[in-house]
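Here are the chains, one letter per residue:
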Amino acid sequence: MDRIRLIGGNQLRGEIPISGAKNAALPLMIASLLTKEPLILENVPRLADVKQLERILENHGVDIAAHGRRAAPSHIDGQRMTFQAAEIVDTTAPYELVSTMRASFWVIGPLLARAHEARVSLPGGCAIGTRPVDLFLYGLKELGAEIDIDEGYVVARAPKGGLRGARISFPKVTVGATHVIMMAATLARGTTVIENAAMEPEITNVAECLVAMGARIDGIGTRTLTIEGVDELHGATHEVLPDRIETGTYAMAAAMAGGNVLLRNARAEHLQAALDVLGQSGVHVSQEDAGLRIQRNGNGLQAVHIETQPFPGFPTDLQAQFMALMTMSDGVSQIRETIFENRYMHVAELARFGADIKVEGQVATVVGVPELKGAQVMATDLRASVSLVIAGLAARGETMVNRIYHLDRGFERLEDKLSRCGAEIERVV
Ligand code: EPU
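Residues numbered from 1 in each chain as written. Predicted model: local features only at pLDDT ≥ 70, side-chain atom pairs only at ≥ 80, totals over all residues. Heavy atoms only, no water.

Enquirer: Just checking my understanding: could you explain the site of the ligand for this structure?
Expert: Lining the immediate surroundings of the ligand are 24 residues, of which Asp 134, Leu 135, Asp 317, Ile 339 and Arg 383 lie closest. Contact between the ligand and Arg 102: an oxygen atom at 2.9 Å from a side-chain N or O atom of the residue. In this structure, an oxygen atom belonging to the ligand sits 2.6 Å away from a side-chain N or O atom of Asp 317. Bound to the protein, the ligand loses 93% of the 830 Å² it would expose on its own. Counting residues per element, the ones that place at least two in the shell around the ligand are helix H1 (22–31), helix H5 (134–142), helix H6 (175–185) and helix H12 (382–394). Residue contributions to the shell around the ligand peak at three residues, all from H5. Residue composition of the shell around the ligand, by class: 12 nonpolar, four polar and eight charged. (Near = heavy atom within 4 Å. Polar contact = N/O pair within 3.5 Å; in protein donor to acceptor, adjacent residues only side chain to side chain. Areas by Shrake-Rupley, 256 points an atom, 1.4 Å probe, with all protein chains shown as cover. Helix = DSSP H or I, 4+ residues; strand = E, 2+ residues; numbered from the N terminus. Nonpolar A, V, L, I, M, F, W, Y, C, P; charged D, E, K, R; others polar.)

Enquirer: Help me understand the packing of H1 against helix H2 (residues 48–60), please; the structure alone is not making it clear to me.
Expert: Helix-helix packing: each pair is described by the crossing angle between the helix axes and the interaxial distance. Here H1 crosses H2 at 10°, and the two axes come no closer than 10 Å. As summarised for this structure, H1 and H2 are arranged roughly parallel, according to the angle between their axes. Residues Lys 22, Leu 26, Met 29 and Ile 30 of H1 touch H2, and the partners they reach there are Asp 49, Val 50, Leu 53, Glu 54 and Leu 57. Residues belonging to the contact of H1 with H2 are distributed by class as follows: six nonpolar, no polar and three charged. (Axes fitted to C-alpha atoms, helices over the stretch in contact; angles between N-to-C directions. Parallel < 35°, antiparallel > 145°, perpendicular 65-115°, else oblique. Contact = heavy atoms within 4.5 Å.)

Enquirer: Honestly, the environment of Met 101 in this entry has me stumped. Any pointers?
Expert: Note that Met 101 resides in the loop between helix H3 (95–98) and helix H4 (108–115). As a C-alpha pair, Met 101 and Gln 52 span 49 residues in sequence and 8.1 Å in three-dimensional space.

Enquirer: When you look at the nonpolar core in this model, what are you seeing that I'm missing?
Expert: Counting 80 residues, the largest nonpolar core has Met 182 and Leu 210 as the members making the most contacts within it. Not counting chain neighbours up to four residues away, the residues in contact with Leu 210 comprise Ala 31, Leu 34, Met 182, Met 183, Thr 186, Ala 215 and Ile 217. Formed by 69 residues, the second largest nonpolar core is a distinct cluster that contains Ala 257, Ile 306, Leu 325 and Leu 407. (Core = buried A, V, L, I, M, F, W, Y, C linked by side-chain atoms within 4.5 Å. Buried < 20%, exposed > 50% of the residue type's maximum accessible area, 1.4 Å probe, protein only.)

Enquirer: Is there a simple way to explain the sheet that holds strand E11 (residues 191–195) in this structure?
Expert: Within a sheet, each strand pairs with its neighbour through backbone hydrogen bonds, oriented either parallel or antiparallel. Strand order in the open sheet formed by four strands is E10-E11-E13-E12, with mixed pairing between adjacent strands. Unpaired on one side and paired on the other, strand E10 (167–169) and strand E12 (216–218) mark the two borders of the sheet. Averaged over all pairs of adjacent strands, the angle between their axes in this sheet comes to 15°, without regard to strand direction. As paired strands, E12 and strand E13 (residues 225–228) are joined by three bridges and run antiparallel to one another. (Pairing = 2+ DSSP bridges.)

Enquirer: Please explain the sheet that holds strand E18 (residues 306–307) as it appears in this structure.
Expert: Taken together, four strands build an open sheet; the order of strands is E18-E19-E21-E20 and the sheet is mixed. In the strand order of this sheet, the two ends are held by E18 and strand E20 (356–360), each with one partner. As paired elements, E20 and strand E21 (residues 363–367) share five bridges and run antiparallel to each other. In the strand pairing of E21, Lys 358 is matched with Thr 365.

Next up, the structure:
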């Protein structure tokens, strides 16, 4: 199994191109199920999760093409891909395909809306909490679907004539269920109102794509989405927005290692809460035309308290990386994880570097130490694994990150991007 070996201590200097966002690319690909015409997506990242979703969509009958090289841009540009679901040949998403990635469950929305039935295995994914699907089922039932659970599958049927618009008020903010209900409602009869909708930039990116496909959606970027159902959607061309979690991750890597890095294509408004926290800790952040510049020169890192929250708050997907940064702060940082109940798997691994962290319930208390020492560590989920890389960048000596398949699910060419900026990092196969 691949591992990542790194020697800490080098500052990061140069440019890191930010890829298309995984968490927008996945639902955008799923949106292709809503129309028989081709959906062309630009800036699709090259990730294991994208590959896995391709397999799932192909099983439903989607034809997928990745366009070849183009003359002008460099190899770092994202892929341009076409997805065409001329006919949905199978409405079952089997366990073997769905179990490794939670987002694959989301096909249930478009399948129900267009084919009026779906049989989708209950999902798997990163081990960061129980992550139930009750809010998806609540929303789909409100749209008129009949739902049974049968041998680990959710079996859903639309009423005669298809789904019908409804008022859906989520008791808590959920990214996945907002995507699914929004997609399903585009083809429902009548008006759907989603209250307490997630307003993550990825939701906005998907909503804009649906509008380009002919959907009628109001309130994009707010907590209330109003969707007027239409008879059918058509093809479109749409660009995946830059990955704000990858951006925040490299911002924290540069803060940890010190140096001066330009995160090309990154947009501050997608992660302002995290950038504000970095600013408070003493890191210099500035928006330039080409992207975000992150600088830290020799000065110590101030300890800052954070609490994870739905967008526009501090993202849970940057919590582990920020914790890695705080292990070397000049003080005591309190981190409260409010989105997932079990997202502290990295704590025991960070301790192997010599970090001082205690967890009590939702709160982790990180007492900064003057030095980390390289160690053998194990990645347990996607964002946890990259937090170990961040720690390793500043640790004395060699770090070996084992079991890195999680990293490949969500970070494109991580070792390449970091080594081009001066980090001593390589993949060992
Ligand atoms: N929840 C329920 N019932 C539901 C759905 C969600 O209780 O039916 C709970 C979850 O258990 C969790 C909370 O609601 O406690 C929020 O979950 P949400 O549905 O928002 O998360 P998700 O859609 O499963 C997406 C991202 C995650 C990211 C979260 C929160 C994708 C593909 N995944 O997950 O990203 O952490 O939103 O922002 O978009 C990652 O990329 O590493 C990752 C885990």
